[in-house]
Amino acid sequence: MAEVEGQVRDEKLDAEREARRQIALAQVRQYPDPVLRMAAKEVEEFDDALRGLVDRMGRLMQEARGVGLAATQIGILQRVLVYLPAEEAPVTALVNPRAVTTGEELEAADEGCLSLGSATVVVPVERATTLTVEALSPLREPVRIEAEGLEARVLQHELDHLEGILTLDRTTPEARRRALGELRPRSVLGSIA
Ligand SMILES: [Zn+2]
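Remember, predicted model here, so these are calculated numbers, not experimental data. (Residues numbered from 1 in each chain as written. Predicted model: local features only at pLDDT ≥ 70, side-chain atom pairs only at ≥ 80, totals over all residues.)

A. Spotlight on helix H2 (residues 48-63). For H2, with 16 residues, the first-to-last C-alpha span of 22 Å sits near the 22 Å given by 1.5 Å per residue. Listing the buried residues of H2 in full gives Leu50, Leu53, Val54, Met57, Leu60 and Met61. All buried residues of H2 project into a common sector of 130° when viewed along the axis, lining one side. Among the exposed residues of H2, those oriented more than 90 degrees off its buried face are Asp48 and Gly52. Looking at the residues trailing H2, positive phi occurs at Arg65, about 65°. (Helix = DSSP H or I, 4+ residues; strand = E, 2+ residues; numbered from the N terminus. Expected span 1.5 Å × (residues − 1). Buried ≥ 20, exposed ≤ 12 C-beta atoms within 10 Å, placed from the backbone. Arc of directions from axis to C-beta.)

Next up, the structure:
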């Protein structure tokens, strides 16, 4: 009996989490929103507004169940990204990030995107397995990250967003066609509403 109650409680929590995820996703710009194609500008003011933006992005990313989010995805064209470097790691925010070295070894893996119907549209993307990024923290401290594996992949995905590049541009022609087919019915519904 206790087990059943536990299950019910879990289900209720899951439903609440799912509702929060949908609310967060509704604040993320969805393809084909033209802002997703625009390049973000360097941040010049390291003020409370910037720190407020970073906090909001971190919350949205976690509620949307993402591992990374670029400011472009919430319609703000500033070079700001947040991401989770590892599963249990705290949210890391990078301001004016740039890749200083990109490893030569490439690896293909499936990627979802919060701007492409969340995790439902997944395409294979080839990325460098190692990457060094230099950036500033929201407090204007220099940050240098030597990333590999999933962390390197997430950083390349978010850096692409800041340039207006999507996974659709980096995948195979077949996967792109399939993804656009999956996205189309949603776009049509969106234009009716
Ligand atoms: Zn994305």
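B. How the structure looks around unusual backbone geometry. Residue Pro32 follows Tyr31 across a cis peptide bond; omega there is 10°. Along the chain, Pro32 falls in the loop between helix H1 (2-25) and H2. In this model, Asn96 sits at a positive phi of 50°, which is unusual for a non-glycine residue. Within the secondary structure, Asn96 is located in strand E3 (residues 92-102). Phi at Arg140 is positive, roughly 70°, even though this residue is not glycine.

C. How the structure looks around the sheet that holds strand E1 (residues 68-70). Here we have five strands laid out as an open sheet, ordered E1-E2-E3-E6-E7, and antiparallel in their pairing. In this open sheet, the two strands that pair with only one neighbour each are E1 and strand E7 (142-148). Across the sheet, the axes of successive neighbouring strands diverge by a mean angle of 40°, strand direction being ignored. Alignment of E3 against strand E6 (residues 130-136), held across five bridges, turns out to be antiparallel. For Thr102, the partnering residue across the bridge sits in E6 and is Leu131. Sitting on the sheet, H2 touches E1, strand E2 (80-83) and E3, and the angle it makes with E2 is about 40°. (Pairing = 2+ DSSP bridges. Axes fitted to C-alpha atoms, helices over the stretch in contact; angles between N-to-C directions. Contact = placed C-beta atoms within 7 Å.)

D. Representation of the nonpolar core within the structure. Within the largest apolar cluster, 41 residues are counted, with the highest numbers of intra-cluster contacts made by Met57, Leu69, Val80, Leu81, Val82 and Leu155. Sorting the residues of this core by element identifies H2, E1, E2, E3, strand E5 (118-128), E6 and helix H3 (149-162) as the ones contributing at least two each. With six residues, H2 is the single largest residue contributor to this core. (Core = buried A, V, L, I, M, F, W, Y, C linked by C-beta atoms within 7 Å.)

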